[in-house]
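# Survey of secondary and tertiary structure
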Amino acid sequence: MGQRIVTTGAVAGWCLVFALGAAAEAGQGTSRAAAAKMKNPVATSAASVTAGQQVYQKQCRMCHGAAGAAETPMAKKMNASDLTDATWAFGATDGEIFAVIQDGAGAGSKMTAFKGKVAEQDTWHLVNYIRSLAAAKK
Ligand code: HEC
């Protein structure tokens, strides 16, 4: 009985992996190449940056710091990315930043997926907010 449940779970897991792979190939998933091509549907504006900032303060600040510069002891401890610098380990395009927020930075990373927790529209606002931080620093 227990064995059967484990087997079923494994099969379901593999199906999911294949389904995700197929979606990525079709360009609907957020493989890195597909993500790079995604266009930000939310034009940046003061309203969008403010909306992004509100989500950021709730969901992201504890790890990336109030100013996004990974300036807090907590951020340093977990090696959270500085979001105000020019270094984008997971890609510098709007689509790639969107993808790392929605899908996370990979297995084992403290940067977990926010899919289901942060709406896609709000994620684009976050991208615009993050861009405003980098621009303000220049
Ligand atoms: C639990 C801590 C934590 C939270 C919460 C968190 N992050 Fe992260 N984030 C990280 C870490 C750690 C990394 C570095 C990932 C790595 O190197 O594996 C990262 C990486 C990133 C990157 C990639 C930066 C690059 O240089 O490419 C972006 C963008 C990002 N986070 C945005 C966000 C946003 C937006 C939120 C809120 C929705 C958020 N993060 C919430 C810990 C966190």
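Just so it is clear, the model here is predicted, and its values are computed rather than measured.

Reading the values: the criteria
Residues numbered from 1 in each chain as written. Predicted model: local features only at pLDDT ≥ 70, side-chain atom pairs only at ≥ 80, totals over all residues. Helix = DSSP H or I, 4+ residues; strand = E, 2+ residues; numbered from the N terminus. Buried ≥ 20, exposed ≤ 12 C-beta atoms within 10 Å, placed from the backbone. Near = placed C-beta within 6 Å. Nonpolar A, V, L, I, M, F, W, Y, C, P; charged D, E, K, R; others polar. Axes fitted to C-alpha atoms, helices over the stretch in contact; angles between N-to-C directions. Parallel < 35°, antiparallel > 145°, perpendicular 65-115°, else oblique. Left-handed = near helix turned anticlockwise from the far one by under 90°. Contact = placed C-beta atoms within 7 Å. pLDDT = per-residue confidence, 0-100.

Moving on, we get to the overall build of the protein chain. The number of helices and strands found in the protein chain is seven helices and zero strands. Shown N-terminal to C-terminal, the secondary structure of the protein chain runs as helices and strands in the order α-α-α-α-α-α-α. The buried share among the 138 residues of the protein chain stands at 25%.

It is worth spelling out the site of the ligand at this point. Around the ligand, 24 residues are found, and the nearest of them are Cys-60, Cys-63, Phe-90, Ser-109 and Met-111. Counting only elements with at least two residues in the shell around the ligand, the list comes to α4 (61-64) and α6 (94-103). Of the residues assigned to the shell around the ligand, the class counts are 17 nonpolar, six polar and one charged.

Let us now look at the packing of α6 against helix α7 (residues 120-137). With their axes 9 Å apart at the nearest point, α6 and α7 run at an angle of 120° to one another. Classified by the interaxial angle, the pair formed by α6 and α7 is oblique. Regarding α6 and α7, the two cross each other, and that crossing is right-handed. In this structure, α6 uses Asp-94, Ile-97, Phe-98, Ile-101 and Gln-102 to contact α7, whose residues at the interface are Thr-123, Trp-124, Leu-126, Val-127 and Ile-130.

You will see that Ala-70, though not glycine, has its phi angle at about 55°, which is positive. When the 19 C-beta atoms within 10 Å are taken as the criterion, Ala-70 is described as partly exposed. Residues other than glycine seldom take positive phi values, yet Asn-79 does so here, at roughly 60°. Locating Asn-79 in the fold gives a position in the loop between α5 (73-78) and α6.

When pLDDT is averaged across the protein chain, the result is 84; 78% of the residues are at 70 or more. Mean pLDDT across the elements of the protein chain ranges from a minimum in helix α1 (residues 2-25), with 48, to a maximum in helix α3 (residues 46-59), with 98. Scored below 50 in pLDDT, residues 13-29 makes eight contacts in the model with residues more than four places away or belonging to other chains.

Tracing the sequence through the fold places Ala-67 in the loop between α4 and α5. For the pair Ala-67 and Thr-84, spaced 17 residues apart in the sequence, the C-alpha separation amounts to 8.2 Å.

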